[in-house]
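Observations on chain architecture
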Amino acid sequence: MADLDKELRSDHISLPDTNTDVLRLDLLHPVISGNKWFKLKEYLADAATTGKNTILTFGGAYSNHIIATATAAKLSGFKSIGIIRGEQNEVMTGTLLEAAQNNMQLYFTSREDYRRKIIPISVFKENDEKNIYIINEGGYGIKGMKGAATILENIDLCHYTHIIAAVGTGTTLAGLISAAQQHQSLIGISVMRNNFSLEEEINALLPEEKKDRFTLVHEYSFGGYAKHNETLIRFMNEWFRATSIPSDFVYTGKLFYAVKDLVEKKFFPGGSKLLVIHSGGLQGNRSLKKGTLIF
Ligand SMILES: *Cc1c(COP(=O)(O)O)cnc(C)c1O
């Protein structure tokens, strides 16, 4: 099995009236960036113990989860299959090319079949079904949560009052909630527009005593998943100039924007100590026009 766990770096950043550290999961590995490794590792271990040799998962053409799965599977000695939303001729991207270079077999499906997570029949013609281990889109599930909980394992956690992360499926936030201490507030910045089923999906992963111990903020989606505007892009460049921390426009750009805005609006009591999780995802910036970002 691949093992990327190592001492994680935190960068202190200067924001008014708070003490803020950014946990740099983006520095974990050049391709399997950020939270994705943590979400995958328990699934890969389970696949190995149950004797599967092929990992199958789902994603879009710029998906961090797809590229991370392809690379982590290869490093751990698995074959991999990606079920990709859209037709090949409309969606072949740098992300998918790189996944293919990491030996991921790509199968393209219509948006409707993708939504229903239908696995094309050709997958089973070309692969023996009993060797296939399926991971949900985005790594959503209990094992994903358990892996994500280990993000906080080697951190001197007790002095933080708030832990803040970007939220897609909520698997990572669920892991952080399950690993956090009683006195800490967990805040998730949702990157999807009005995704109000998230709360239930996160609670479904959590043990009874941890349910509802988090706050979701829906005001920073910038119009929806992977949507962005000039304000966000300008912010990401300014944030990089001020902190030397790069971000991606799908998740962490919105996260840092939210943190700065919430601090300025005095959402956090004075003297709060914030741990902000940089969940990686920088490869997704490939879909932006060259020169849009200064990093
Ligand atoms: C996938 C991803 C997330 C969302 O993680 P979930 O566990 O699905 O909530 C956050 N940040 C980045 C950079 C990601 O790639």
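Presented here is an overview of the structure given in this document.

So, how was this worked out
- Numbers given to residues run from 1 along each chain, matching the order in which its sequence is written.
- Since the coordinates come from a predicted model, pLDDT governs what is reported: local features require at least 70, and pairs of side-chain atoms require 80 or more to be given and counted, while whole-chain, interface and lining totals use all residues.
- Note that water and hydrogens are dropped before the side-chain values are worked out from all heavy atoms of the structure.
- Counting from the N terminus, the helices are the DSSP runs of H or I reaching at least four residues and the strands are the DSSP runs of E reaching at least two.
- The quantity called the radius of gyration is restricted to C-alpha atoms. Its globule counterpart is 2.2 Å times the number of residues to the power 0.38.
- Exposure classes here rest on a 1.4 Å probe applied to the protein chains alone. A residue is buried below 20% of its type maximum, exposed above 50%, and partly exposed in between.
- Note on definitions: a residue-residue contact is assigned when non-hydrogen atoms from the two residues lie within 4.5 Å.
- Where accessible areas are quoted, they stem from the Shrake-Rupley method and a 1.4 Å probe; at the residue level, only the protein chains shown are allowed to cover.
- In this tally, Asp and Glu contribute negative charge and Lys and Arg positive charge; neither His nor the terminal groups of the chain are included.
- Note on charges: their place is set at NZ of Lys, CZ of Arg, CG of Asp or CD of Glu.
- The criterion for strand pairing is that DSSP finds at least two bridges linking the strands in question.
- Between N-to-C directions, angles cover 0 to 180 degrees, with each direction set by a line fitted to C-alpha atoms, over the stretch in contact for helices.
- By definition here, a salt bridge exists when the distance from a side-chain nitrogen of Lys or Arg to a carboxyl oxygen of Asp or Glu is within 4 Å.
- Nearness is defined per residue: one heavy atom within 4 Å of the molecule or strand is enough.
- Here a polar contact is taken to be a pair of N or O atoms separated by no more than 3.5 Å, where protein atoms must pair a possible hydrogen donor with a possible acceptor and residues adjacent in sequence count only if both atoms sit in side chains.
- Just so you know the grouping, Ala, Val, Leu, Ile, Met, Phe, Trp, Tyr, Cys and Pro go in nonpolar, Asp, Glu, Lys and Arg go in charged, and all remaining residues, Gly too, go in polar.
- Between 65 and 115 degrees an angle is taken as roughly perpendicular, under 35 as roughly parallel, over 145 as roughly antiparallel, and anywhere else as oblique.
- What makes a crossing left-handed is the near helix being turned counterclockwise from the far one by less than a right angle; a clockwise turn instead makes it right-handed.

1. Some remarks on the overall build of the protein chain
When helices and strands are tallied, the protein chain shows 11 helices and 10 strands. On C-alpha atoms alone, the protein chain measures out to a radius of gyration of 19 Å, which is about the 19 Å that the 2.2 N^0.38 rule sets for 295 residues. Overall, the C-alpha framework of the protein chain stretches about 60 × 45 × 35 Å when taken along its three principal axes. Taken over 295 residues, the protein chain has a buried fraction of 57%. Counting only contacts in the protein chain whose residues sit at least 6 apart along the sequence, the fraction spanning at least 24 positions is 71%. Roughly 13,200 Å² of accessible area belongs to the protein chain as shown, and the carbon and sulfur atoms make up 49% of that amount. For the protein chain, the centre of its 33 positive side-chain charges and the centre of its 32 negative side-chain charges are spaced 4 Å apart.

2. As for the sheet that holds strand β1 (residues 10-13)
Pairing within the open sheet is mixed, and its six strands lie in the order β1-β2-β10-β7-β8-β9. Every other strand in the sheet has two partners, leaving β1 and β9 (215-217) as the edge strands with one partner each. Ignoring which end each strand starts from, the neighbouring axes of this sheet average 25° apart. Strand contacts of helix α11 (residues 252-264): β2 (18-24), β7 (162-167), β8 (185-190) and β10 (272-278), with the helix running at about 170° to β10, the strand carrying the most contacts.

3. Some thoughts on helix α7 (residues 142-149)
Along α7, the positions that sit buried rather than exposed are G144, M145, G147, A148 and A149. Against the buried residues of α7 lie α1 (35-49), α8 (171-179) and α9 (198-205).

4. Structural notes on unusual backbone geometry
Of note, D212 is a non-glycine position whose phi angle comes to about 65°, a positive value. Along the chain, D212 turns up in the loop between α9 and β9. Backbone geometry places F222, a non-glycine residue, at a positive phi of 50°. Structurally, F222 can be placed in the loop between β9 and α10 (230-243).

5. What to know about the pattern of salt bridges
Within this structure, the stated rule accounts for 13 salt bridges. In this structure, the salt-bridge partner of R9 is D11, at a minimum N-O distance of 2.9 Å. R115 is the salt-bridge partner of E112, the closest N and O atoms lying 3.0 Å from each other. Of this pair, E112 and R115 both sit in helix α5 (residues 111-115), three residues apart, which is roughly one turn of that helix. Overall, R115 belongs to the exposed group, its relative accessible area being 57%.

6. Here we look at the site of the ligand
Close contacts around the ligand come from 14 residues, with K36, N64, T169, T172 and S279 the closest. Interatomic distance of 3.0 Å between a side-chain N/O atom of N35 and an oxygen atom of the ligand. Against a free-state accessible area of 390 Å², the protein chains account for coverage of 98% of the ligand. In terms of residues, the shell around the ligand owes the most to one element, α1, which gives three residues. Looking at the shell around the ligand residue by residue, the classes come out as two nonpolar, 10 polar and two charged.

7. Considerations on the packing of helix α2 (residues 64-75) against helix α4 (residues 94-101)
Two elements in contact, α2 and α4, have axes separated by 9 Å at closest approach and are oriented at 15°. Regarding the angle of α2 to α4, the classification is roughly parallel. Viewed along their axes, α2 and α4 form a crossing whose handedness is left-handed. Residue-level contacts link I66, I67, A70 and K74 of α2 to T95, L96, E98, A99 and Q101 of α4. In the contact of α2 with α4, the residues fall into five nonpolar, two polar and two charged.

8. Remarks on the packing of α1 against α2
In the contact formed by α1 and α2, the axes pass within 10 Å of each other and the chain directions differ by 50°. The orientation of α1 with respect to α2, classified from their angle, is oblique. Considering only the axes of α1 and α2, their crossing is right-handed. Along its contact with α1, which presents K36, W37, L40 and L44, the element α2 presents N64, H65, A68, T69 and A72. For the contact of α1 with α2, the residue count by class is five nonpolar, three polar and one charged.

9. Topic: the sheet that holds strand β3 (residues 54-59)
With parallel pairing, four strands are arranged side by side in an open sheet as β5-β4-β3-β6. What marks the edges here is a single partner per strand, and that holds for β5 (104-109) and β6 (132-134). Strand-to-strand, the axes of this sheet are offset by a mean angle of 25°, without reference to chain direction. Direction of pairing for β3 relative to strand β4 (residues 79-85): parallel, over a ladder of six bridges. The partner of I55 across the bridge, within β4, is S80.

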